[in-house]
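Inside the fold
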Amino acid sequence: MDNINKLNDKWLTEGQKVTDLASKLSAMALDDKSTDDDFKKLTNEYNQAKAKRDQAKQALDIARANQKPGNGEPGNPGNDNPNPIEDKQDEKMKFVNNFIGMVRNDPKVQNAMTSNADGNGNAGLTIPFDQQTQIHTLRRQYASLEPYVNVENVSLPAGSRVYEKFSDITPLVGLDDEMGKIGDNDDPALTLIKYQIKRYAGISTLSNTMLNDTKENILSWLNTWIARKDTITRNAKILEVIGTQAKKPTMTKFDDVKDVMETMLDPAIVSTASIITNVSGFNVLSKVKDAKGRYLITQDVTQPTQKQIDGKNVIVISDRWLKDNAGAHPFIYGDLSQGITLFDRQQMSLLSTNIGAGAYETDTTKIRVIDRFDVQGTDDGAYLVGSFKEMADQVPVSPAATGK
């Protein structure tokens with residue numbers, strides 16, 4: 001764990017250097033007194049810092065992937081139990097025992113939680129990494145939008161990142177004069193994105209009878225409940241950012257869909273793009289036909305349950321979470337991993353009471369969960385938000401007209 005913390009600190013430090021150098025580059029570009037040599041020197045420093053940051057991130061990802069829950073580093077000679085399966089089970093049972101102790105007001109557990117209060121003064125039982133992994137796996141079963149955006153794990157409550165946006169690239173300038181001065185290229189535009197981790201919380205009621213159930217059943221219930229609530233919460237915040245998108249074409253016929261998909265995004269984005277709509281919108285799209293009577297929506301031959309339009313996956317979200325707007329269904333098209341980043345603090349915590357929040361009157365126990373993350377838009381050119389109500393088919397083409 002110590003090695004992971006050092007790598008994480010290294011990654012954050014190098015990331016801040018990249019941010020600072022990017023700011024200096026922007027300032028130098030606006031300074032008429034700066035020379036070409038100064039700009040080239042600073043650009044080299046920026047590229048070197050960026051490479052070091054990326055190396056640190058890669059090393060951190062590898063270290064995290066090889067980490068064994070409840071242990072130090074893989075292969076640690078000081079490890080008393082070399083069996084990773086037993087380590088994982090011990091960590092899981094320790095968490096369940098602490099959870100039950102918290103619910104039953106065990107003084108040892110309560111004192112431990114109070115002494116480990118976070119920076120906001122919130123005492124609670126911290127959910128360990130292996131359980132967060134299980135929760136993350138479950139979240140994918142509830143039509144989560146998180147897999148489609150960029151997720152960055154952070155250890156600080158606030159920070160900033162520099163993103164490179166897609167921009168128009170102009171050709172090199174021709175030189176008619178052999179002694180003519182060579183001008184500057186249109187270097188990529190850099191954008192500074194700031195994040196501020198926020199807390200999101202919810203309370204669920206647990207019957208006291210359930211506390212007598214098996215530990216595995218209690219753990220399964222807890223993970224499922226958190227995953228369901230967390231999916232809804234994170235989806236809502238991702239959709240809030242999507243809702244700020246200004247470019248909103250309205251589609252009324254089959255060919256409008258083709259125009260949106262083929263002309264309104266950079267080709268580099270189109271290659272990784274997908275489509276998101278709600279159940280009502282999917283119902284309309286599934287009935288649209290082309291000029292030869294073929295349906296607009298097709299099946300992925302390798303995954304029959306996956307629906308597609310022109311080879312682009314169609315993701316369907318419940319109307320309850322992805323709502324219509326004045327009867328118009330949403331049509332979100334693009335690569336959300338390029339356009340939106342979710343900054344995950346990875347500090348979930350639990351707290352319970354059998355006295356407050358109405359628990360005393362109903363002989364129940366209230367469980368509160370707090371999650372910490374932020375969602376920010378990083379490139380509004382990576383996706384667009386369209387809409388449609390009814391969708392007309394293509395005009396049928398007779399065999400005589402096509403010669404077939």
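These numbers come from a predicted model, not from an experiment.

Regarding the overall build of the protein chain
Tallying secondary structure elements over the protein chain gives 12 helices and 15 strands in all. The proportion of buried residues among the 404 residues of the protein chain is 40%. Sequence-distant contacts, at least 24 apart, represent 79% of the contacts inside the protein chain between residues at least 6 apart. On the protein chain, roughly 23,000 Å² of surface is accessible, and the fraction owed to carbon and sulfur atoms is 51%.

Topic: the pattern of salt bridges
Evaluation of the coordinates by the stated rule reveals 11 salt bridges. The shortest N-O distance in the salt bridge between lysine 198 and aspartate 374 comes to 3.0 Å. One end of the pair, lysine 198, is in strand 5 (residues 198-207); the other, aspartate 374, is in strand 14 (residues 364-377), and 176 residues separate them in sequence. Accessibility expressed as a relative area gives 3% for aspartate 374, which makes it buried. Note that lysine 258 and aspartate 310 form a salt bridge whose closest N and O atoms lie 2.6 Å from each other. Taken together, the positions of lysine 258 in helix 7 (residues 254-263) and aspartate 310 in the loop between strand 9 (303-309) and strand 10 (312-317) put the pair 52 residues apart, joining distant regions of the chain. Via salt bridges that share partners, Glu146, Asp230, Arg234, Asp344 and Asp371 belong to a single interconnected network.

Considerations on the nonpolar core
In terms of nonpolar packing, the biggest core is built from 43 residues, with Ile242, Phe331, Tyr333, Ile340 and Tyr383 touching the most fellow members. If one sorts the elements of this core by residue count, strand 15 (residues 383-392) sits on top with 5 residues. Residues contacting tyrosine 333, with those up to four places away along its chain left out, are Val260, Met261, Leu265, Val270, Ala273, Ser274, Ile275, Lys312, Tyr383 and Leu384. By size, the runner-up hydrophobic cluster in this structure holds 22 residues, among which are Leu219, Leu222, Ala227 and Ile367.

Looking at the sheet that holds strand 9
Spatial ordering of the open sheet is given by 6-15-11-7-10-9-8, a layout of 7 strands whose pairing is mixed. The strands lining the two open edges of the sheet, one partner per strand, are strand 6 (250-253) and strand 8 (298-300). Taken pair by pair, the neighbouring strands of this sheet meet at an average axis angle of 40 degrees, ignoring direction. Strands strand 6, strand 7 (274-278), strand 9, strand 10, strand 11 (329-334) and strand 15 of the sheet are contacted by helix 7, whose axis makes an angle of about 140 degrees with strand 6.

Description of the packing of aromatic side chains
This structure, assessed with the given rule, holds 4 aromatic pairs. Taking the centre distance of 5.7 Å and the plane angle of 10 degrees together, the rings of tryptophan 221 and tryptophan 225 count as stacked. With tryptophan 221 and tryptophan 225 both in helix 6 (residues 215-242) and 4 residues apart, the pair spans about one turn of that helix. The class of tryptophan 225 is buried, set by a relative accessible area of 7%. On the basis of an interplanar angle of 75 degrees and a centroid distance of 6.4 Å, the ring pair of phenylalanine 331 and phenylalanine 388 is categorised as edge-to-face. Of this pair, phenylalanine 331 sits in strand 11 while phenylalanine 388 sits in strand 15; the two residues are 57 residues apart in sequence, bridging distant segments of the chain. Over the ring of phenylalanine 373 we find arginine 234; its NZ or CZ atom is 4.8 Å from the centre of that ring.

What about the pairing of strand 14?
Of all 14 residues that make up strand 14, 11 are buried, and the element is covered over most of its length. Sheet analysis places strand 5 next to strand 14, joined by 10 bridges and oriented antiparallel. Bridge assignment links serine 204 to a residue of strand 14, and that residue is isoleucine 367. Here 5 bridges tie strand 13 (residues 349-353) to strand 14, and the two strands are oriented antiparallel to one another. Paired with leucine 350 across the two strands is valine 369, which belongs to strand 14.

Some remarks on a negative patch on the surface
Taken together, the side chains of Asp36, Asp37, Asp38 and Asp184 define an acidic patch exposed on the protein surface. With respect to the helices and strands, aspartate 36 occurs in helix 2 (residues 36-66).

A short note on helix 7
Within helix 7, burial applies to Phe254, Asp256, Val257, Val260 and Met261. Buried residues along helix 7 cover an arc of 165 degrees about the axis, so they all sit on one side. Exposed positions of helix 7 whose direction lies more than 90 degrees from the buried face are Glu262 and Thr263.

So, the confidence of the model for the protein chain
When pLDDT is averaged along the protein chain, the result is 79; 78% of the residues meet or exceed 70. Within the protein chain, no element has a lower average pLDDT than helix 12 (residues 399-402), which sits at 55, and none a higher one than helix 9 (residues 279-285), at 95. Per-residue pLDDT stays below 50 along residues 68-86; that stretch engages in 19 contacts with residues further than four places along the chain or on separate chains.

Quick word on the environment of threonine 191
Looking at where threonine 191 falls in the secondary structure, it is placed in strand 4 (residues 190-196). For the pair threonine 191 and glutamate 164, spaced 27 residues apart in sequence, the C-alpha separation works out to 6.3 Å.

Quick word on unusual backbone geometry
Residue alanine 326 is not a glycine yet carries a positive backbone phi of 55 degrees. Mapping alanine 326 onto the fold places it in the loop between strand 10 and strand 11. Under the relative-accessibility criterion, alanine 326 is labelled exposed at 69%. Despite not being glycine, glutamine 346 shows a phi value in the positive range, around 55 degrees. Tracing the sequence through the fold places glutamine 346 in the loop between strand 12 (340-344) and strand 13.

Conventions adopted
- Residues numbered from 1 in each chain as written.
- Predicted model: local features only at pLDDT ≥ 70, side-chain atom pairs only at ≥ 80, totals over all residues.
- Heavy atoms only, no water.
- Helix = DSSP H or I, 4+ residues; strand = E, 2+ residues; numbered from the N terminus.
- Buried < 20%, exposed > 50% of the residue type's maximum accessible area, 1.4 Å probe, protein only.
- Contact = heavy atoms within 4.5 Å.
- Areas by Shrake-Rupley, 256 points an atom, 1.4 Å probe, with all protein chains shown as cover.
- Salt bridge = Lys/Arg side-chain N within 4 Å of Asp/Glu carboxyl O.
- Core = buried A, V, L, I, M, F, W, Y, C linked by side-chain atoms within 4.5 Å.
- Pairing = 2+ DSSP bridges.
- Axes fitted to C-alpha atoms, helices over the stretch in contact; angles between N-to-C directions.
- Phe/Tyr/Trp six-rings, centres within 6.5 Å; stacked < 30°, edge-to-face > 60°.
- Lys NZ or Arg CZ within 6 Å of the ring centre and 35° of its normal.
- Patch = residues over 30% accessible without salt bridge, like charges linked within 9 Å, V, L, I, M, F, W, Y side chains within 5 Å.
- Lys, Arg positive; Asp, Glu negative; His and termini not counted.
- Charge placed at Lys NZ, Arg CZ, Asp CG, Glu CD.
- Arc of directions from axis to C-beta.
- pLDDT = per-residue confidence, 0-100.

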